[in-house]
Amino acid sequence: MKDLTDEEYDRLDEKWTQNTPKVGPNGSGFFSQRKAAARTVTIDDFSADYLMVKAMATHKTPAEIIGELIRKEMASA
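As the structure is a prediction and not an experimental result, all values here were calculated from the model.

Hey, could you go over the overall build of the protein for me, with residue numbers and the actual values?
Scanning the protein from N- to C-terminus turns up four helices and zero strands. Along the protein, from the amino end to the carboxyl end, the secondary structure elements read α-α-α-α. Residue burial in the protein is summarised as follows: out of 77 residues, 8% are buried. Carbon and sulfur atoms form 58% of the exposed surface of the protein, whose accessible area is close to 7,300 Å².

Structure representation (structure tokens):
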């Protein structure tokens, strides 16, 4: 990998100093999105179909259903 010159370092520093990435509580910032992507979980087709049917029937999001299932599991443990 090629090293940057002092001028390139200065331009890069100036760019990021003046345009800092935004991280907000709503998850809209670059780093928040990266964290969200790292927390993505893949499920099988049967589970995905179950979640979608349950979500439509209860008018909840799949995330809400998963949260309820996990809380129920933890309470019974």
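Run through the confidence of the model for the protein, naming residues and quoting values.
Mean pLDDT over the protein: 83, with 75% of residues reaching 70 or higher. When the elements of the protein are averaged for pLDDT, helix H2 (residues 30–38) gives the smallest value, 65, and helix H3 (residues 45–58) the largest, 93.

Describe a nonpolar patch on the surface, naming the residues involved and giving the relevant values.
Together, Leu 4, Tyr 9, Leu 12 and Trp 16 make up a nonpolar patch on the protein surface, roughly 390 Å² of accessible area in all. With respect to the helices and strands, the residue Leu 12 is situated in helix H1 (residues 6–18).

What counts as what
Residues numbered from 1 in each chain as written. Predicted model: local features only at pLDDT ≥ 70, side-chain atom pairs only at ≥ 80, totals over all residues. Heavy atoms only, no water. Helix = DSSP H or I, 4+ residues; strand = E, 2+ residues; numbered from the N terminus. Buried < 20%, exposed > 50% of the residue type's maximum accessible area, 1.4 Å probe, protein only. Areas by Shrake-Rupley, 256 points an atom, 1.4 Å probe, with all protein chains shown as cover. pLDDT = per-residue confidence, 0-100. Patch = residues over 30% accessible without salt bridge, like charges linked within 9 Å, V, L, I, M, F, W, Y side chains within 5 Å. Salt bridge = Lys/Arg side-chain N within 4 Å of Asp/Glu carboxyl O.

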